[in-house]
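Understanding the architecture of this molecule
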Amino acid sequence: PPALRDLMPSNVRIGSAVNGQLLTSDARYRGTLSSQFNAVTAENAMKWTILEPRPGVYDWSASDQFVDFARANGQAVYGHTLLWHSNIPVWITESWSPEQLRAVLRQHIITVVSRYRGKIWAWDVVNEVLAEDGSLRDSLWLRKLGPRYIADAFRWAHEADPDARLFINDYGTEGRTRKADGLLRLVKSLRAGGAPVHGVGFQSHIRLGSPPKDATGNLRRFAALGVSVAITELDVRVPLPITTQKLLDQALLYQHMLKACLAVSTCESITLWGFSDVSSWIGSHYPGYGAACVFNDEFEPKPAHGALVQELSAR
Ligand code: G3I
């Protein structure tokens, strides 16, 4: 199939999340990943639980392997993620004092960002910090450190790698929702306070039949703040069993999100949350849904891949 990476405009990257297991074990997986995409995000390998299983003891094996693969294949690396309410190592607990928690968070961010300084194009500095109503999400970090933890995280990351683009990333914000309104307010206030927020990532985990409301207009209102935007985790889950019609409808949604990104001059990238149905997270998290990716289990392109090719070729 035509390579998506060869068809993209030069200022917009096309990425995929990378499954660490298949990266090691499956040559077909590696082949499609390297030929189709010019950017990559580790699906799990850079999460805190994986990187620091015990206090102060880092395991870089999976993340180094991922970064090395990307560099060998001319792919930009999108780092995911420095701070999240989920995937916090079990050895960090609510009983810690705010000072201890702040220190461990700072140390973590500086350690990880420094290790990959110069090798990472952009970082998801904070992931999913908002609740559905647009207020800050309740989390260990908010409870113990208060709302300033977000700006602090950006400052620490910026100190450790001044050249990395720093993103705030969330789901349910790709269309016009209350959550997206809250994100807009948050980005505005972070930047007004001088925090080095360079971009906003829109995960875009979409369900067939429920397209985001005015994705293009929504991306534009963020771009108008002076930040970059990116589609960071796109997939379109389909209620099983699949039919030809469902796959065609899915293709339209993929095409729609690509169009939205290309319509906004500061959209830096569009990243798929995995490219093959064989390794998608959807099966284990959404019973009754699947087939969310642009390649099938056999790494054959689906209509969604064709729709992306068509959209890019028409330009
Ligand atoms: O690798 C272990 C395996 O050794 C173990 O036997 C098995 C038993 O549960 O777990 C495996 O780890 C799983 C890991 O995925 C790798 O497959 C974890 O349980 C599972 O929780 C983890 O799920 C990931 C999830 O984030 C939670 O971290 C998904 O793969 C990943 O796609 C998903 O990605 C998130 C983004 O980071 C943030 N945005 C939403 C997105 C989708 O949920």
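Scroll up to find the structure.
An account of the accompanying structure is given in this report. Computed from a predicted model, the values in this text were never measured in an experiment. (Residues numbered from 1 in each chain as written. Predicted model: local features only at pLDDT ≥ 70, side-chain atom pairs only at ≥ 80, totals over all residues.)

Bringing the overall build of the chain into the picture now. The number of helices and strands found in the chain is 13 helices and 10 strands. Radius of gyration (C-alpha) of the chain: 19 Å, near the 20 Å computed for a compact globule of 315 residues. Seen through its C-alpha atoms, the chain measures out along the principal axes to roughly 55 × 40 × 40 Å. In the chain, which comprises 315 residues, the proportion classed as buried is 44%. (Helix = DSSP H or I, 4+ residues; strand = E, 2+ residues; numbered from the N terminus. Rg over C-alpha atoms; globule rule 2.2 N^0.38 Å. Buried ≥ 20, exposed ≤ 12 C-beta atoms within 10 Å, placed from the backbone.)

The next point concerns helix α11 (residues 244-262). In this model, α11 (19 residues) spans 27 Å end to end at C-alpha, consistent with the 27 Å of a helix rising 1.5 Å per residue. Within the span of α11, buried status applies to Gln250, Ala251, Leu253, Tyr254, Met257, Leu258, Ala260 and Cys261. Contact partners of the buried residues in α11: β7 (205-207), α10 (215-223), β8 (228-239), β9 (267-272) and α13 (303-313). (Expected span 1.5 Å × (residues − 1). Contact = placed C-beta atoms within 7 Å.)

What follows deals with the pairing of strand β6 (residues 199-202). Here β6 shows a buried face lined by Gly199 and Gly201 and a second buried face lined by Val200 and Phe202. The parallel pair strand β5 (residues 165-170) and β6, bridged by helix α9 (residues 178-192), forms a crossover whose chirality is right-handed. Here 4 bridges tie β6 to β8, and the two strands are oriented parallel to one another. Bridging from a neighbouring strand, Gly201 pairs with Ala230 of β8. (Right-handed = clockwise from strand over helix to strand, strands pointing away. Pairing = 2+ DSSP bridges.)

This part covers the packing of α11 against α13. Two quantities define a packed helix pair, namely the angle between the axes and the distance from one axis to the other. Their axes nearest at 8 Å, the elements α11 and α13 cross at an angle of 35°. Both α11 and α13 take part in a crossing whose hand is right-handed. Counted together, Leu247, Leu248, Gln250, Ala251, Leu252, Tyr254, Gln255, Leu258 and Lys259 of α11 and Pro303, Ala304, Gly306, Ala307, Leu308 and Glu311 of α13 form the full contact between these two elements. (Axes fitted to C-alpha atoms, helices over the stretch in contact; angles between N-to-C directions. Left-handed = near helix turned anticlockwise from the far one by under 90°.)

A separate point is the site of the ligand. In the vicinity of the ligand, the contacting residues are Glu43, Asn44, Lys47, Asn87, Asn127, Tyr171, Gln203, Glu233 and Trp281. For the shell around the ligand, the residue count by class is 2 nonpolar, 4 polar and 3 charged. (Near = placed C-beta within 6 Å. Nonpolar A, V, L, I, M, F, W, Y, C, P; charged D, E, K, R; others polar.)

This brings us to α13. Turn by turn, an α-helix covers 3.6 residues, leaving residues three or four places apart pointing in a common direction. Buried residues of α13: Ala304, His305, Ala307 and Leu308, and no others. Take α13 and look down its axis: the buried residues cluster within an arc of 160°, on one side only. Considering only its buried residues, α13 is in contact with α1 (4-7) and α11. (Arc of directions from axis to C-beta.)

This paragraph deals with the environment of Trp156. Tracing the chain through its elements places Trp156 in helix α8 (residues 149-160). For the pair formed by Trp156 and Val113, sequence separation is 43 residues and the distance between their alpha carbons is 9.0 Å. If near-sequence neighbours (up to four positions away) are discounted, Trp156 is found in contact with Arg106, Ile109 and Ile110.

Attention now moves to the packing of helix α6 (residues 98-115) against α8. Where α6 meets α8, the axes come as close as 8 Å, and the angle between the chain directions of the two elements is 35°. The way α6 lies across α8 gives a crossing that is right-handed. Two secondary-structure elements touch here, α6 through Arg106, Ile109, Ile110, Val113 and Ser114 and α8 through Ala153, Trp156, Ala157 and Ala160. Its residues assigned to classes, the contact of α6 with α8 shows 7 nonpolar, 1 polar and 1 charged.

We now examine the nonpolar core. Ranked by size, the top nonpolar core spans 87 residues in total, and within it Trp123, Val125, Ala153, Ala157, Tyr254 and Met257 carry the most contacts. With 7 residues, the top contributor of residues to this core is α11. When sequence neighbours within four positions are dropped, the list of residues in contact with Ala157 reads Leu82, Ile109, Val113, Trp123, Val125, Ala164 and Leu166. (Core = buried A, V, L, I, M, F, W, Y, C linked by C-beta atoms within 7 Å.)

Moving on: the pairing of β9. Here β9 lies mainly inside the structure; 6 of its 6 residues are buried. Across 4 bridges, the pairing between strand β1 (residues 13-18) and β9 is parallel. Its bridge partner being in β9, Arg13 is matched across the sheet by Ser269. For β8 and β9, the ladder comprises 4 bridges, and the chain directions are parallel. Across the sheet, residue Val229 finds its bridge partner in β9, namely Cys267.

Right, let's get into unusual backbone geometry. Cis geometry marks the peptide bond from His80 to Thr81, where omega comes out at -5°. Mapped onto the elements, Thr81 comes out in strand β3 (residues 76-84). Cis geometry marks the peptide bond from Leu240 to Pro241; its omega dihedral reads 0°. Assignment of secondary structure puts Pro241 in the loop between β8 and α11. Although it is not a glycine, Asp214 sits at a positive phi angle of roughly 50°. The backbone of Phe299 shows a phi angle near 65°, a positive value even though the residue is not glycine. Of note, Phe299 is situated in the loop between β10 (289-290) and α13. A residue is classified by how many C-beta atoms lie within 10 Å of it, and Phe299, with 18 of them, is partly exposed.

Any link to function would need more than the numbers given here.
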